[in-house]
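Below are the chains, spelled out letter by letter.
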Amino acid sequence: MSTMISRAITTAALLAAAGAQAQDNKTLYIGMNGGDMERSYTKYVFPAFEKIHGVKVVVVPGTSSDILAKVQASKEKPPVNVMFLDDGVMVRAIKMGLCSKLTDSPVLKDLYPTARMAGDMAAGVNVGMTGIAYNKKMFDEKKWAPPTSWMDLADPKYKGKVVFQSLPASTFGLHGFLMFNRIQGGKDNNVEPGFSKWASTIGPNVLEYIPSSAKLSEMVQNGEAAIFPLTPTGVATQKARGVPMEYAQPKEGSVLLMVAECVVANNSNPAMAQKLAEFLLTPQAQAAALEFGNQIPSNLKTTTSNANAQATVDRFKGYMKTVVTLDWDAINALRPEWNARWNKTVER
């Protein structure tokens, strides 16, 4: 049996189990990214909620696009009670009617204003940004100064050393392209400047377009990747594993990237799902996610006694001073057209 078929069967089994047990009020299903996020939440965040309420929280892992597609396909009997989605994907989910409004609670007032979405139909559980990451070992060896601009991706000295995430598949790739487009004079509803200039600037430097960031640590350790879009959180996670990455804040600004949560409409246990969503916004939950998962809190009252974690938050607050927000309504309306054009003209 191939790995792909095995994964498909495993995912199908998880979804089937979620659907079959939807009436089990002692189990809540949450759709979220797998990997580091799933591990940190399962081990350090969910147990406190489970103990308080006598329930089990089970993760149905997947990318934001995967989770959205699964909920949309079964929206009358959704396979999850709560879902985590990247902010741009969450805007789509809200417009599709897949989210229930969050119950009004004091914790909402403690969030970054940008973390409250569409009249509290969703809320950011962590806040981050996409900027530039680089291979510190390679930069040190070649005595290159750290990058300072999105346009550094077009510097000829990085020819064959730029790794860029695919725009159709990755929020990081989309963010990087849209910042390049803005520098070329474009806007979120007009990407002609970005597409027209790509092939003569960043394009020739790109070694590989990757669908996700999963390969980056290997490519850095192998000396293949010099520079690429990534978040401070992603960099911190890799550094903790000994991968020689560093983050650089572009002078033009980084792009706001939240992971947002919503209570799924028509879910089988709306009352408990609302309690879980509220808990995940509390300082208690967000401190654990920060300390054990490098997740930057959206709740401004979150505190930590961990000096390294606090230093991470302090750096993040500095990055927020120049963060760029996107027009997701315009982007989501045009993205299918951009995806097709990217596949045809960039990743040929």
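Before any of the text, the structure's been laid out above.
It should be emphasised that the depicted structure is a prediction, and the values quoted were computed from it without experimental measurement.

## Some remarks on the pattern of salt bridges
Then step 1. Taken as a whole and assessed by the stated rule, the structure comprises 13 salt bridges.
Then step 2. In this structure, D140 engages K136 in a salt bridge whose closest nitrogen and oxygen atoms are separated by 2.8 Å. Of this pair, D140 and K136 both sit in helix α5 (residues 136-142), four residues apart, which is roughly one turn of the helix.
Then step 3. The partly exposed category is assigned to D140, whose relative accessible area is 45%.
Then step 4. Taking the shortest distance from any N to any O, the salt bridge between K215 and E208 comes out at 2.7 Å.

## So, the state of the cysteines
Then step 1. As enumerated under the stated definition, the model contains one disulfide in all.
Then step 2. Note that C99 is cross-linked by a disulfide to C262, the S-S spacing being 2.2 Å. Since a negative S-S torsion denotes a left-handed disulfide, the C99-C262 link at about -70 degrees is left-handed. With a gap of 163 residues between them, C99 in strand β4 (residues 99-100) and C262 in strand β11 (residues 255-264) connect regions that are remote in the sequence.

## Examining empty space enclosed by the protein
Then step 1. A full pass over the atoms with the stated rule returns four cavities of 30 Å³ or more.
Then step 2. Its boundaries defined by the atoms lining it, the largest cavity holds a volume of some 60 Å³.
Then step 3. As for the largest cavity, its lining consists of L102, T103, S105, L108, Q274, A277, E278 and L281.
Then step 4. Residues belonging to the lining of the largest cavity are distributed by class as follows: four nonpolar, three polar and one charged.

Criteria and thresholds
- Residues numbered from 1 in each chain as written.
- Predicted model: local features only at pLDDT ≥ 70, side-chain atom pairs only at ≥ 80, totals over all residues.
- Heavy atoms only, no water.
- Salt bridge = Lys/Arg side-chain N within 4 Å of Asp/Glu carboxyl O.
- Helix = DSSP H or I, 4+ residues; strand = E, 2+ residues; numbered from the N terminus.
- Buried < 20%, exposed > 50% of the residue type's maximum accessible area, 1.4 Å probe, protein only.
- Disulfide = S-S within 2.5 Å.
- 1 Å grid on protein atoms, 1.4 Å probe; cavity = no way out; pocket = protein on both sides within 12 Å on 5 of 7 lines; lining within 4 Å.
- Points joined across faces, edges and corners; volume = space filled by probe spheres on them.
- Nonpolar A, V, L, I, M, F, W, Y, C, P; charged D, E, K, R; others polar.

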